[in-house]
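Okay, here's what each chain looks like letter by letter:
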Amino acid sequence: MDFVEARNLPGHVGIIMDGNGRWAQSRGQPRAAGHREGAAAVRRTVRLARRLGLRALTLYAFSEQNWSRPEEEVDALMQLLRDFLLGEREEILDNGIRLNAIGNLGRLPALVRAVLDPLRRDSENNGDMVLTLALSYGGREEIAYAARELAKAVAAGRIKLDDVTTDSLRSHMPSLSVGDPDLVIRTGGERRISNFLLYGLAYAELHFADVLWPDFSESDLFAAIGSYQRRERRFGLVGAAAAADAAAAAVSSPIESALAAVTGAITRIAI
Ligand code: IPE
Ligand code: IPE
Ligand code: MG
């Protein structure tokens, strides 16, 4: 049985959902069959994330680079995306989920926009969990976009050059409107980031699950969260043990807030 601590959950989890094609190929099926099973894994994962009480879940569904795949595969993915949005609409609305999308949405076909845009609008006041779909998304592209926005503001005299800071850059990155990712999971076996959330990844915890995305189960998500909860996040500060010594030496140490951030509660959810 897996346990996760109820009070030390990652607030924002990102998932690089990889391995659909290999899942299908290993069964002698077309890649699209893997994407269809992948959509079922998305449904399971969204439900569990909501049940657990995650604040934000960002799913890497289609990268800017994925447009260069064979047209037939891209078309199948767009149709599946539409089916997913139509099929999950009621559940998203009924469960307090806000559906958000990031990426170069202008490249998406009308058949996707026709269902994506109304769902974003109709769910915008939901506040229990933000489900962000990264669609036609690239981390480098997002950084370039933020840089362009700031450059325009400098050129127009609205801000000064010194106002170009890590925080002002971040404020122009839609992927970080829900905060930095705390935990990023990649399935499929590769140990790489593939242009996902580059700027926000600075202090994210990474978890590589050696399972193809269509096989990603509830217990795999719990294993990832459990792994996250056993780690010590230091954010460039000193370790918790050293921090405890320092805190004992100086009663009101600035390290205490960092300590509080890395010390989880012991309430546990049994699965
Ligand atoms: C992830 O699975 C889905 C998308 C990138 C759209 P892949 O299609 O990349 O599957 P593999 O990596 O080829 O197995
Ligand atoms: C990353 O997977 C993109 C998504 C999961 C949407 P890819 O399959 O496109 O990444 P690479 O090609 O293995 O780096
Ligand atoms: Mg892949």
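These numbers come from a predicted model, not from an experiment.

1. Quick word on the packing of helix H2 (residues 31-52) against helix H3 (residues 71-94)
Running from N to C, H2 and H3 cross one another at 25°; their axes reach a closest spacing of 10 Å. Here H2 lies roughly parallel to H3, going by the angle between them. With respect to the hand of their crossing, H2 and H3 are arranged in right-handed fashion. From H2, Arg31, Ala32, His35, Arg36, Ala39, Val42, Arg43 and Arg47 reach across to H3, where they touch Glu73, Ala76, Leu77, Leu80, Phe84, Glu88 and Glu91. Looking at the contact of H2 with H3, its residues break down into 7 nonpolar, 1 polar and 7 charged.

2. Things to note about helix H5 (residues 139-155)
For H5, spanning 17 residues, the distance from its first C-alpha to its last is 24 Å, which sits close to the expected 24 Å at 1.5 Å a residue. Taken together, the buried positions of H5 are occupied by Gly139, Glu142, Ala146, Leu150 and Ala153. One side of H5 carries all its buried residues, which in axial view fall inside an arc of 70°. In H5, the exposed residues that point more than 90 degrees away from the buried face are Arg140 and Ala155. Contacts from the buried residues of H5 go to strand S5 (129-137) and helix H6 (166-170). Directly beyond the C-terminal end of H5, a positive phi value near 80° is found at glycine 157.

3. As for the sheet that holds strand S7 (residues 205-209)
As summarised here, the arrangement of the 6 strands in space is S4-S5-S3-S2-S6-S7, forming an open sheet in which the pairing is parallel. This sheet does not close on itself; its edge strands, each paired only once, are strand S4 (97-102) and S7. Looking at each pair of strands side by side, their axes are set apart by 20° on average, direction ignored. Bridge count for S4 against S5 is 6 bridges, and the pairing is parallel. Directly across from isoleucine 102, in S5, lies its bridge partner alanine 134. Where H2 meets the sheet, it contacts strand S2 (12-16), strand S3 (56-63), S4 and S5, and its direction lies at approximately 160° from that of S3.

How each quantity is defined
- Residues numbered from 1 in each chain as written.
- Chains lettered and ligands numbered in written order.
- Predicted model: local features only at pLDDT ≥ 70, side-chain atom pairs only at ≥ 80, totals over all residues.
- Heavy atoms only, no water.
- Axes fitted to C-alpha atoms, helices over the stretch in contact; angles between N-to-C directions.
- Helix = DSSP H or I, 4+ residues; strand = E, 2+ residues; numbered from the N terminus.
- Parallel < 35°, antiparallel > 145°, perpendicular 65-115°, else oblique.
- Left-handed = near helix turned anticlockwise from the far one by under 90°.
- Contact = heavy atoms within 4.5 Å.
- Nonpolar A, V, L, I, M, F, W, Y, C, P; charged D, E, K, R; others polar.
- Expected span 1.5 Å × (residues − 1).
- Buried < 20%, exposed > 50% of the residue type's maximum accessible area, 1.4 Å probe, protein only.
- Arc of directions from axis to C-beta.
- Pairing = 2+ DSSP bridges.

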